[in-house]
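Each chain, letter by letter, is given below.
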There are 2 protein chains.
Amino acid sequence: MEDKRFTSVDFVNMERRFRAHFFNSLSGFKSVNLCGTEDKKGKSNLAILNSVFHLGSNPPLMGMIMRPATVPRHTLSNIIEQDHYTFNHINKEIIHEAHQTSAKYTRTQDEFEMVGLTPYYSDNLRAPYVLESKVKIGLKFRERVNIASNHTILIVGEVVEVILPSGAVGLDGFVDLQEAGTLTGSGLDAYLETKKVARLSYARPYEEIKEIEAFMSMMKE
Amino acid sequence: MEDKRFTSVDFVNMERRFRAHFFNSLSGFKSVNLCGTEDKKGKSNLAILNSVFHLGSNPPLMGMIMRPATVPRHTLSNIIEQDHYTFNHINKEIIHEAHQTSAKYTRTQDEFEMVGLTPYYSDNLRAPYVLESKVKIGLKFRERVNIASNHTILIVGEVVEVILPSGAVGLDGFVDLQEAGTLTGSGLDAYLETKKVARLSYARPYEEIKEIEAFMSMMKE
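> Run through the overall build of chain A, naming residues and quoting values.
On a plain count of helices and strands, chain A comes out with six helices and 13 strands. Against the compact-globule benchmark of 17 Å for 221 residues, chain A has a radius of gyration of 19 Å, which places it among compact chains. Viewed in the frame of its principal axes, chain A has a C-alpha envelope of about 60 × 55 × 30 Å. In chain A, the share of contacts with a sequence separation of at least 24, taken over all contacts with a separation of at least 6, comes to 61%. Total accessible area computed for chain A in this model is approximately 9200 Å², and 51% of it derives from carbon and sulfur atoms. Counting 26 positive and 28 negative side-chain charges, chain A places the centres of these two groups 6 Å from one another.

> If you had to explain the interface of chain A and chain B to someone new, which residues and values would you point to?
In this assembly, 115 residues from chain A lie in contact with 115 residues from chain B. For the pair chain A and chain B, the two sides together bury roughly 9600 Å², of which 61% comes from carbon and sulfur. Area buried by chain A at its contact with chain B is led by A:Leu26, A:Phe29 and A:His54, which between them contribute 7% of it. Linking chain A with chain B are six salt bridges. Note that B:Lys195 and A:Glu193 form a salt bridge whose closest N and O atoms lie 3.7 Å from each other. Counting every contact that joins chain A to chain B gives 54 residue pairs in polar contact (both at pLDDT 80 or more).

> I'd like to hear about helix 2 (residues 16-26) of chain B, residue by residue, with values.
Residue and element names in this part refer to chain B. By the criterion of burial, helix 2 is predominantly enclosed, with nine of the 11 residues buried. Listed as buried for helix 2 are Phe-18, Arg-19, Ala-20, His-21, Phe-22, Phe-23, Asn-24, Ser-25 and Leu-26. With a side-chain oxygen lying 3.2 Å from the backbone nitrogen of Arg-17, the N-terminal cap of helix 2 falls on Glu-15. Directly beyond the C-terminal end of helix 2, a positive phi value near 100 degrees is found at Gly-28.

> Help me get a handle on the confidence of the model for chain A, residues and values and all.
On average, chain A scores 94 in pLDDT, and the residues at 70 or more come to 96%. Prediction confidence for the complex, expressed as pTM and ipTM, is 0.95 and 0.96 respectively.

> Before we move on, could you go through the relation of the copies chain A and chain B and cite the residues and values that matter?
Superposing chain A onto chain B takes a rotation of 180 degrees plus a shift of 0.0 Å along the axis, which leaves an RMSD of 0.0 Å. Taken together, the turn and the small shift mark the pair as related by a two-fold rotation axis. Taking the C-alpha atom as reference, chain A places A:Thr194 closest to the rotation axis, 2.2 Å from it. Both copies share a contact surface, since 100% of the interface residues of chain A are interface residues in chain B too.

> Would you mind going over the side chain of A:Ser186 in detail, with residue names and values included?
On the secondary structure map, A:Ser186 appears in strand 12 (residues 184-186). In this structure A:Ser186 touches A:Ser25, A:Phe29, A:Leu192, B:Phe174, B:Val175 and B:Leu177, once residues within four positions along its chain are discounted.

> Would you mind going over unusual backbone geometry in detail, with residue names and values included?
Across the junction of A:Asn58 and A:Pro59, the peptide omega takes the value 0 degrees, indicating a cis bond. Inspection of the secondary structure assignment puts A:Pro59 in the loop between strand 5 (52-57) and strand 6 (60-66). Not every positive phi belongs to a glycine, and B:Tyr206 is a case in point at roughly 60 degrees. Relative to the helices and strands, B:Tyr206 resides in the segment after strand 13 (190-199).

> Go over the pairing of strand 3 (residues 33-38) of chain B with me, naming the residues and quoting the values.
Residue and element names in this part refer to chain B. Burial of strand 3 is extensive: six of the six residues sit out of reach of the surface. Going residue by residue along strand 3, you find Asn-33, Cys-35 and Thr-37 tucked away on one face and Leu-34, Gly-36 and Glu-38 tucked away on the opposite face as well. As judged from the six bridges shared by strand 3 and strand 4 (residues 44-49), these two strands associate in the antiparallel manner. Bridge pairing in strand 4 places Leu-34 opposite Ile-48.

Reading the values: rules and limits
- Per-chain numbering applies: the sequence of each chain, read as written, is numbered from 1 onward.
- Chains carry letters from A onward and ligands carry numbers from 1 onward, assigned in written order.
- Local features in this predicted model are restricted to residues whose pLDDT is 70 or higher, and side-chain atom pairs enter the listing and the counts only when it is 80 or higher, whereas totals over whole chains, interfaces and linings include all residues.
- Water and hydrogen atoms were dropped before computing side-chain values, which therefore reflect all heavy atoms in the structure.
- Strands here mean DSSP runs of E at least two residues long; helices mean DSSP runs of H or I at least four residues long; both are numbered from the N terminus.
- Two things to know: the radius of gyration comes from C-alpha atoms, and the globule rule equals 2.2 Å times the number of residues to the power 0.38.
- Contacts are assigned to residue pairs that have any heavy atoms within 4.5 Å of one another.
- Computed by Shrake-Rupley with a 1.4 Å probe, the accessible areas treat only the displayed protein chains as cover when residues are assessed.
- This count recognises Lys and Arg as positive and Asp and Glu as negative, with His and chain-terminal groups excluded.
- All charge positions are set by atom: Lys at NZ, Arg at CZ, Asp at CG, Glu at CD.
- Accessible area that two parts lose when put together, evaluated with a 1.4 Å probe and summed over both, is termed the buried area.
- Salt bridges, as used here, are contacts in which a Lys or Arg side-chain nitrogen is within 4 Å of a carboxyl oxygen on Asp or Glu.
- Throughout this description, a polar contact denotes any pair of N or O atoms lying within 3.5 Å of each other; where both atoms belong to protein, one of them has to be capable of donating a hydrogen while the other can accept it, and for residues adjacent in sequence the pair is counted only when both atoms sit in side chains.
- Partly exposed describes any residue whose relative accessible area lies between the buried limit of under 20% and the exposed limit of over 50%, with all areas from a 1.4 Å probe on protein chains only and scaled to the type maximum.
- Known as pLDDT, the predictor's per-residue confidence is scaled from 0 to 100.
- The copies were overlaid with a least-squares fit restricted to C-alpha atoms from residues scoring a pLDDT of at least 70 in each copy.
- Any two strands between which DSSP finds at least two bridges are classified as paired.

Okay, here's the thing in structure tokens:
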């Protein structure tokens, strides 16, 4: 297959939607999550995010990128009001419902109701999880960082609770997301399953890499 | 399968490596890339990254997270010296070589040589691409943002060049990464292939989501 080269002149000349699809997919596969929040009156909100990433393990921190002027609406103000929010992994059974949360509902409409997903509350958090989601992550707001280059916002949160299938956690701590049914995202609208190629051993100079053997759950079946 | 709940007390008590595996995989699937740089003398460097993400389309911006005190070594200083760097997607054929770049080589050692990958230079960039990589992204350094919560650094770059298989770009701009053979990553050491479940139409309230039909390349075969 021939290679094609694009440079900055081409980017400027791209039609707006073409450019959005192009760069949203170019950056590689993404973590897709439903972000659950509530306002002070307890009204819940649910928004799909494709910009969640790992920031650190100790303390456990995750980042997400938000555009203040556009979607997801209400999520940012709820996080700041209640200090808590949730990330909920998306599986094959709920992709239509998850994607539908990106529709522009009004402030008085609850996305859980509108798309048909079930809020689930833990005692530890002022934010709803998605019951249908198999991997549920509860976070406490830590830091808001402004990115000057394009006026996006990085929201940093500390993980304070995790609820997931016991069999998906390995003896070494690795969470087998394929086993848990978690999907990955590409671009603005694609959802994909995964199939493990390999886990590879810790790399050292002049030492050959080995494939790590089959997954062993930390939990007894 | 039973659910298991972990809270902050459990995180503190986790063994250090267990905690690293747990949180690195918990955040969802990742974009894995090789980052190519060179120093002022033209000595090249290659480092594997699992923290690249989309920041915006106009201008086209991508972010990456770095830990200043640890790996990847030399990448940050090279980016600041030369103002340019590359992201190169990882495919199945080069996962061992790609993973091996995470070994702690000395400053005088060139990862390209040490792991057996081929530098490829474009006239537009003071940084090497990886010839074996099918999706090559050239960036210009834009901004360094310090994240106070854990002293990590967000590096923002503007995409100035893209080289990829012509057949992987759709009529609507969507880049079919599965078609291009791009892998996704999980945790610290897992690499996975993807299989598309669906692309879904733009969501609007009270409108049913449709699956977007088969991929049509913008290029004639």
